[in-house]
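Read off the chains here:
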Number of protein chains: 2
Amino acid sequence: MKRTKTEGTPLPLNQILLGDCVEIMNRMPEASVDLIFADPPYNLQLRGDLHRPDNSKVDAVDDHWDRFDTFAAYDRFTHDWMKAARRVLKPNGAIWVIGSYHNIFRVGAALQDQGYWILNDVVWRKSNPMPNFRGKRLTNAHETLIWASKSEGAKYTFNYEAVKAMNDDVQMRSDWVIPICTGHERLKDATGAKAHPTQKPEALLHRVLVATTNPGDVVLDPFFGTGTTGAVAKRLGRDFIGIDREAAYAEVAEKRIANVRKANSEVLEVTKGKRAEPRVPFGQLVERGMLQPGEVLFSPRNKTAKVRADGTLIASDCKGSIHQVGAAMEGAPSCNGWTYWSYRRDGIMVPIDVLRQQIRAEMK
Amino acid sequence: MKRTKTEGTPLPLNQILLGDCVEIMNRMPEASVDLIFADPPYNLQLRGDLHRPDNSKVDAVDDHWDRFDTFAAYDRFTHDWMKAARRVLKPNGAIWVIGSYHNIFRVGAALQDQGYWILNDVVWRKSNPMPNFRGKRLTNAHETLIWASKSEGAKYTFNYEAVKAMNDDVQMRSDWVIPICTGHERLKDATGAKAHPTQKPEALLHRVLVATTNPGDVVLDPFFGTGTTGAVAKRLGRDFIGIDREAAYAEVAEKRIANVRKANSEVLEVTKGKRAEPRVPFGQLVERGMLQPGEVLFSPRNKTAKVRADGTLIASDCKGSIHQVGAAMEGAPSCNGWTYWSYRRDGIMVPIDVLRQQIRAEMK
DNA sequence: AGTTTGGGTGAATCCGAAG
DNA sequence: CCTTCGGATTCACCCAAAC
C-alpha cells in the first residue's frame, strides 16, 4: 500500500472502500486529498413508470439509494458528505460535483454555505440525450458540474494551457459537448442489463482530471459506482480512492480498473504555461554583456530608453524596471517589458525576449 | 387600461411600475398572471478591477443594486420577491428565473423550498462570451435559466410543436445557443454608454415566450430593466407588466417599447446559427478514447509522433498541436494535421480525419 | 461600391512569488 | 500577516474608417 507524507495514517490509495462515505472519510487523515469528484444521488423524485411511444418501458433510476423523503432529508445527506469531504481535502484542493436540476441547486447552495468557493459551473451538453417522450418539456440534454476550491483565495490547480491545447488552442469554455456513456464502454452485468444506472462517460472524467489535477495527485470519489473516476485516474497516472456502499458496484469497478493500463508517463506530461518557466532578471542580460550599459532600447512606437548598469532603464521622464518604464511610456497600468522593448543589431530590431530565451535554453 | 376577470382590482397591463417589486406585487390581485420572467441581481461579488491583456479595463457590473453583504442577505431578498411572485401567479402559471453560478443555486433551492416545481433548467450557451482574460478558469460561456410551475401537477403551458418547429423539427433541447446582446439591439444612453449593464437579448425572451405562453397571456417581469421582456411580449401579442426601482431604466424601456410593433403574422424568426462545419478539437479524440494517450501517429512519409493526454503530440524533437508538429516535420510554415496524420488499426493506416467525421456525425 | 483593417467590448466572483 | 512588483493574459462579433 502506498503511503503519503501527511500524518502518520496511511492513505488507502488505489483501493475501493466499501461502506458509508461519511464514516470512511472521517477516518481518513485530514487535508490529504488533492481532488474530490462526487456524483451523489440525484434525488430524481420519479413518479410512476415512463413508456416510450412504442410502449417499451424506460429503465428509470429507481434504486433505493436515490430515494429521499423530503428536500430537508436530501439537504442533511448533502451537508454531511460534503463536510466530511472538505475535511479530507488539502487546503489547495478542489471538488467537482455533478448533478441535474433535481439536486444541483441544493448541492451548489450547500457548497457555498460550507465555505467552498465556486470556480465555474460546467455544463455537460450531451450529444445524444434521451428524448422527452411525452413532449411535455424540453429535452433534458445536459447535466451540470460545479467546480469549487476548498475556500476563497485557495491556489487550486488549473492546467490552463493543457485544456486550451485540447480545444484547438482556444480557451476551454464552460460548456462541454460529450456523448453519454453507451456501447462497449457501458458496463453490463451477467444478464446483460446495465451494471449501474448512471455510469458517467470516461471522456468527462478525462477532461476533469487533465484540467484540474497533476500526475501523482490523489483523487477521491465518495460515490464510486462502477469506478469511472478510478479507471480514468489510473490511465492518467493519478492515484484514486473509491468509496461505495454497494458491494456489487465495487466488484464491477475492481475488475474494470484492473484492465486499465497506465499511460506512459512521457505522454501524461501536459502543456505548461509560461508561468512555469524560470524567472530571468533583466539585469542578467547586462551582467553577461548581451546588452551594454548605455545601449538604447526601442518601443513598438519607437520611443527610446537607455539601459543602465544595474539593469534598470532611464527614459526622458522616468526610470525603473523594463516593465515600469514601458507602462509609463504607454500610460498603461502594467506592461510586459520583455515583449515591449527591442534593441538594434546590424540595423534590425530584435525583441529583448530573444535574449531571455537564450538564457533559459542554457539553463536546461 | 385593460382589465382582467380576476377579482375586482384592475391589472396595470402594458405599463411600467416604478418601485419595489415586492410591495407592488403585494398590491396586485392574486392569481392574476400567466407567466413571470425574473432577471434578479446576480450578487457577483466582484473584488478589484480587471484588465484585458491589451490593458483596457473591463466595465464591470458594480451597480448598487447588485451588492449584498452576505449570502443570507441575498437569500432573504430572493425569498421575499419569490413569495410575492408566487401569490400573483395563476395556479397554472409558471416562472422563469435567469442567473449565473453566483446566484442560481440559491435561486433554484428557494424555488423548490417555496413549492414551485422545476420543469427544466435551461442553459443559455453564449456564442460570443467574454473570455477569461487571466487564464485562471474556464471561459464563463453560459448562464442558467430555471423554468418552474407554481406547484407540482399544475397544467403549465408548453407549446411543444411550436418550439419543435423552431428547431428544424426536432425536439427543442435544454441548451440554447444565442448570442449576447450587442450592436444596434444594445440600448445606449445619451453619452453612448450602455443604458443597462445586463441587457438580455430579445432572442432569449422570444424563445421563452413562444415556448411557454399563448397570445393574450399576461407576463410579469419584476426586474424589468430596459424592458426586453416588454418589447418581446408586445411584438408577440402578449400583455406585460414591468416593475423596476430605477426611473432611468423605466424611461429607456418606455421609449423602446413604444417603437415596437405587434407582429401581425406568426412568422417566427430563427436564431441565427449559420456556421459551417463545427470545429472539432483533436483533444476530443483522446478524451473519448478514440485514440489512446501514447498512441503513435504516422505521417505520409512514415515519420511518427505520440499522442499526449492533452491532445498535443510529441515527436523526437518537438511537441505541440497536430498542425504544429506536422509543420515541423515537413519544415513547412503550416500543415493541416487532420489530413497529415494517420493511425494504425488492424494493420492498416487510417487518417485521423475519419474520427473527426464520426464526431461531426454525432453532433447532428 | 465592395473589401479590408483596426478598435471596441461583453453579468468576471481572473496572479503570485519574494521580501 | 503585509506590501511590492515582475510579467502573463483574450474570443467572437460589431462597427467605423480606410482602402
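For the structure, check the block above.
Residues numbered from 1 in each chain as written. Chains lettered and ligands numbered in written order. Predicted model: local features only at pLDDT ≥ 70, side-chain atom pairs only at ≥ 80, totals over all residues. Heavy atoms only, no water.

**Quick notes on the pattern of salt bridges**
1) Next: As enumerated under the stated definition, the model contains 36 salt bridges over all chains in all.
2) Next: A salt bridge links Arg 356 of chain A to Asp 353 of chain A; its shortest N-O distance comes to 2.7 Å. In this pair, Arg 356 of chain A and Asp 353 of chain A both sit in helix H12 (residues 353-363), three residues apart, roughly one turn of the helix.
3) Next: Across the pair Glu 330 of chain B and Arg 301 of chain B runs a salt bridge whose closest N-O atoms are separated by 2.4 Å. Taken together, the residues span a long stretch of sequence, with Glu 330 of chain B in helix H9 (residues 322-330) and Arg 301 of chain B in the loop between strand S9 (296-298) and strand S10 (304-307) at a distance of 29 residues. (Salt bridge = Lys/Arg side-chain N within 4 Å of Asp/Glu carboxyl O. Helix = DSSP H or I, 4+ residues; strand = E, 2+ residues; numbered from the N terminus.)

**Side note on the protein's contact with DNA strand D**
1) Next: Close contacts around DNA strand D come from 30 residues, with Tyr 160, Lys 164, Ser 321 and His 323 of chain A together with His 184 of chain B the closest.
2) Next: The share of sugar and phosphate among atoms of DNA strand D within 4 Å of the protein is 65%.
3) Next: The contact in question runs from a base oxygen of DNA strand D to an N or O atom on the backbone of Pro 129 of chain B, over 3.4 Å.
4) Next: Within the contact set of DNA strand D, a base nitrogen lies 3.5 Å away from a side-chain nitrogen or oxygen of Arg 134 of chain B.
5) Next: Taken together, the elements giving at least two residues each to the surface near DNA strand D come down to helix H4 (160-166) and helix H10 (322-330) of chain A.
6) Next: With three residues, H4 of chain A is the largest single contributor of residues to the surface near DNA strand D.
7) Next: Within the surface near DNA strand D, the residues separate by chemical class into nine nonpolar, twelve polar and nine charged. (Near = heavy atom within 4 Å. Polar contact = N/O pair within 3.5 Å; in protein donor to acceptor, adjacent residues only side chain to side chain. Nonpolar A, V, L, I, M, F, W, Y, C, P; charged D, E, K, R; others polar.)

**Comments concerning the protein's contact with DNA strand C**
Residue and element names in this part refer to chain B.
1) Next: Contacts to DNA strand C come from 39 residues, most closely from Gln 45, Arg 52, Tyr 101, Arg 134 and Lys 136.
2) Next: Take the atoms of DNA strand C that sit within 4 Å of the protein: sugar and phosphate atoms are 48% of them.
3) Next: Between DNA strand C and Lys 136, the relevant distance is 2.6 Å, taken from a phosphate oxygen to a side-chain nitrogen or oxygen of the residue.
4) Next: Residue Asn 140 places a side-chain N or O atom 3.2 Å away from a phosphate oxygen belonging to DNA strand C.
5) Next: When the residues that make up the surface near DNA strand C are grouped by side-chain class, the tally is 19 nonpolar, seven polar and 13 charged.

**What about the interface of chain B and chain A?**
1) Next: Contacts between the two partners involve 72 residues from chain B, matched on the other side by 75 residues from chain A.
2) Next: Taken together, the two surfaces of chain B and chain A that pack against each other cover about 6,500 Å², and 49% of this comes from carbon and sulfur.
3) Next: If you look at where chain B meets chain A, you find eight salt bridges.
4) Next: Between Arg 106 of chain B and Asp 113 of chain A there is a salt bridge, with its nearest N and O atoms 2.6 Å apart.
5) Next: Seen at the junction of chain B and chain A, the total is 41 residue pairs in polar contact (both at pLDDT 80 or more).
6) Next: Among the secondary structure elements, those contributing two or more residues to the side of chain B that touches chain A are helix H3 (104-113), strand S4 (117-126), strand S5 (142-149), strand S6 (175-178), helix H8 (283-287), S10 and H9 of chain B.
7) Next: A total of nine residues in the side of chain B that touches chain A trace back to one element, the largest contributor, which is S4 of chain B.
8) Next: The residue makeup of the side of chain B that touches chain A, split by class, is 29 nonpolar, 24 polar and 19 charged. (Contact = heavy atoms within 4.5 Å. Buried area = accessible area lost by both parts, 1.4 Å probe.)

**Observations concerning the sheet that holds strand S13 (residues 342-345) of chain A**
Residues and elements named next belong to chain A.
1) Next: Strand order in the open sheet made by the six strands is S12-S11-S10-S9-S13-S14, with antiparallel pairing throughout. A strand with exactly one partner marks an edge of an open sheet, and here the two such strands are strand S12 (319-320) and strand S14 (348-351).
2) Next: Where strand S10 (residues 304-307) lies against strand S11 (residues 313-314), two bridges are found, and the strand directions are antiparallel. Looking across to S11, one finds that Lys 306 is bridged to Ile 314. (Pairing = 2+ DSSP bridges.)

**A word on the environment of Ala 305 of chain A**
All names here are of chain A.
1) Next: Structurally, the position occupied by Ala 305 is in strand S10.
2) Next: Along the chain, Ala 305 and Gly 326 lie 21 residues apart, while their C-alpha atoms are 9.2 Å from each other.
3) Next: Apart from the residues within four sequence positions on either side, Ala 305 is in contact with Glu 295, Val 296, Leu 297, Leu 313, Ile 314, Ala 315, Val 325 and Trp 341.

**Details of the packing of helix H5 (residues 202-212) of chain A against helix H6 (residues 228-235) of chain A**
Residue and element names in this part refer to chain A.
1) Next: Viewed as axis vectors pointing N to C, H5 and H6 meet at an angle of 55°, and their least axial separation amounts to 9 Å. Judged on the interaxial angle alone, H6 and H5 are oblique. Read as a crossing pair, H5 and H6 show a hand that is right-handed. Residues Glu 202, Leu 205, His 206 and Leu 209 of H5 form the contact with H6, whose participating residues are Thr 228, Thr 229, Ala 231, Val 232, Ala 233 and Arg 235.
2) Next: Partitioning the contact of H5 with H6 into residue classes produces five nonpolar, three polar and two charged. (Axes fitted to C-alpha atoms, helices over the stretch in contact; angles between N-to-C directions. Parallel < 35°, antiparallel > 145°, perpendicular 65-115°, else oblique. Left-handed = near helix turned anticlockwise from the far one by under 90°.)

**Here we look at empty space enclosed by the protein**
1) Next: If you walk through the whole model with that rule in mind, you get three cavities of 30 Å³ or more.
2) Next: Roughly 60 Å³ of volume is contained in the largest cavity.
3) Next: Along the walls of the largest cavity sit Ala 165, Asp 168 and Asp 169 of chain A together with Phe 282, Gly 283, Gly 311, Ser 321, Ile 322 and His 323 of chain B, which together make up its complete lining.
4) Next: Residue classes in the lining of the largest cavity are distributed as three nonpolar, four polar and two charged.
5) Next: Computed from the structure, the second largest cavity encloses a volume of approximately 50 Å³. (1 Å grid on protein atoms, 1.4 Å probe; cavity = no way out; pocket = protein on both sides within 12 Å on 5 of 7 lines; lining within 4 Å. Points joined across faces, edges and corners; volume = space filled by probe spheres on them.)

Shape is all these values report; function is a separate question.
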